[in-house]
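Overview (structure and organization)
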Amino acid sequence: MAHIIVVGNEKGGAGKSTLSMHVATALTRMGHKVGALDLDLRQKSFGRYVENRLKYAKEHGLDLPTPDYHDLPEIDPATLKPGENIYDLRLSAAVATLEPDSDFILIDCPGSHTRLSQVAHSLADTLVTPLNDSFVDFDLLAHIDGDADTITGPSVYSEMVWSARQLRAQAGLQPIDWIVMRNRMGAQQMVNKEKMGRALDKLAKRIGFRVAPGFNERVIFRELFPRGITLLDLRDIGVKQLNISNVAARQELRELIKALNLPGVTPDF
């Protein structure tokens, strides 16, 4: 049975699609079969990333390891039975198609609360939540007091994850391994960075997630998207010497893959 990785966060701009593409490509490069779905049916940034990759590889005669991306199948509303939800059926059909030939299925969720996102979270064996290192983004997980020292209660996204965990427990499935990934952390030990760290550590113990370092803000991530390539593809496209920023970014990806602790995965890049 395929291990399902869900990348979720109800706030846009947290780096979900960049994370999804890099994790999916890294796993594919390590020899794993990876299926991929994008549940943002309007923007499809992850789907566009894969589309750009296939086009670039074809135009330049490259054989780039690529996840097996599928759009959600269309379903005729007239075929629905009473009480059935069309989005539930579309997602379950897509997962069923990918599962027989996949070691992992990576699902990129939209930056908003949707029925598809809600159902996907209940399917997650591993849930990765990219979070910009900001209390604006932290508010998605929990409410805090004015001094950022006391957590006053969970917020909307944490409550959705809690509901997903309950559904999995009722179905007799393994608990979700939830990782909150700190993105765009500053290089210096600033007061905000320290406060964020303390707040996340407190919340992790309270509602049950692991904290992992993510990606720093780097221009290269924005530059790679139009070609659909990742940090791991640079040598394949003729970059002979990685600069310091590229090397650091590869190390960040390596550390992230290690932190995810996926079954049968050891980073070898």
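Quick note: structure is the one above.
In short, a report on the structure. (Residues numbered from 1 in each chain as written. Predicted model: local features only at pLDDT ≥ 70, side-chain atom pairs only at ≥ 80, totals over all residues. Heavy atoms only, no water.)

**Overview of helix α1 (residues 16–29)**
Heads up, the rule is: Runs of H or I in DSSP of at least four residues are treated as helices and runs of E of at least two as strands, each being numbered from the N terminus. One fewer than the residue count of a helix, multiplied by 1.5 Å, yields its expected span. Only protein chains enter the calculation, and the probe is 1.4 Å; a residue is then buried if its accessible area is under 20% of its type maximum, exposed if over 50%, and partly exposed in between.
Across its 14 residues, α1 extends 20 Å between first and last C-alpha, which sits within 8% of the 20 Å expected from 1.5 Å per residue. Counting buried positions along α1 yields 12 of 14 residues, so the element is predominantly enclosed. All buried positions along α1 are accounted for by Lys 16, Ser 17, Leu 19, Ser 20, Met 21, His 22, Val 23, Ala 24, Thr 25, Ala 26, Leu 27 and Thr 28.

**A word on the packing of aromatic side chains**
Selection criterion: Classification of ring pairs rests on two measures: the distance between centres of Phe, Tyr or Trp rings, Trp counted by its six-membered ring, which must be within 6.5 Å, and the angle between planes, read as stacked under 30 degrees, edge-to-face over 60 and tilted in between.
Considering all chains together, one arrives at six aromatic pairs under this definition. Considering the side-chain rings of Phe 46 and Tyr 69, the 6.3 Å spacing of their centres and the 80 degrees angle between planes classify their relative orientation as edge-to-face. Here Tyr 69 lies in strand β3 (residues 68–69) and Phe 46 lies in helix α2 (residues 45–59), a separation of 23 residues in the sequence. Exposure remark for Phe 46: the relative accessible area of 0% places this residue in the buried category. Aromatic pair Phe 135 and Phe 138: ring centres 5.8 Å apart, planes at 65 degrees, arrangement edge-to-face. Residue Phe 135 and its partner Phe 138 are both found in helix α5 (residues 135–138); the two are separated by three residues, about one turn of the helix.

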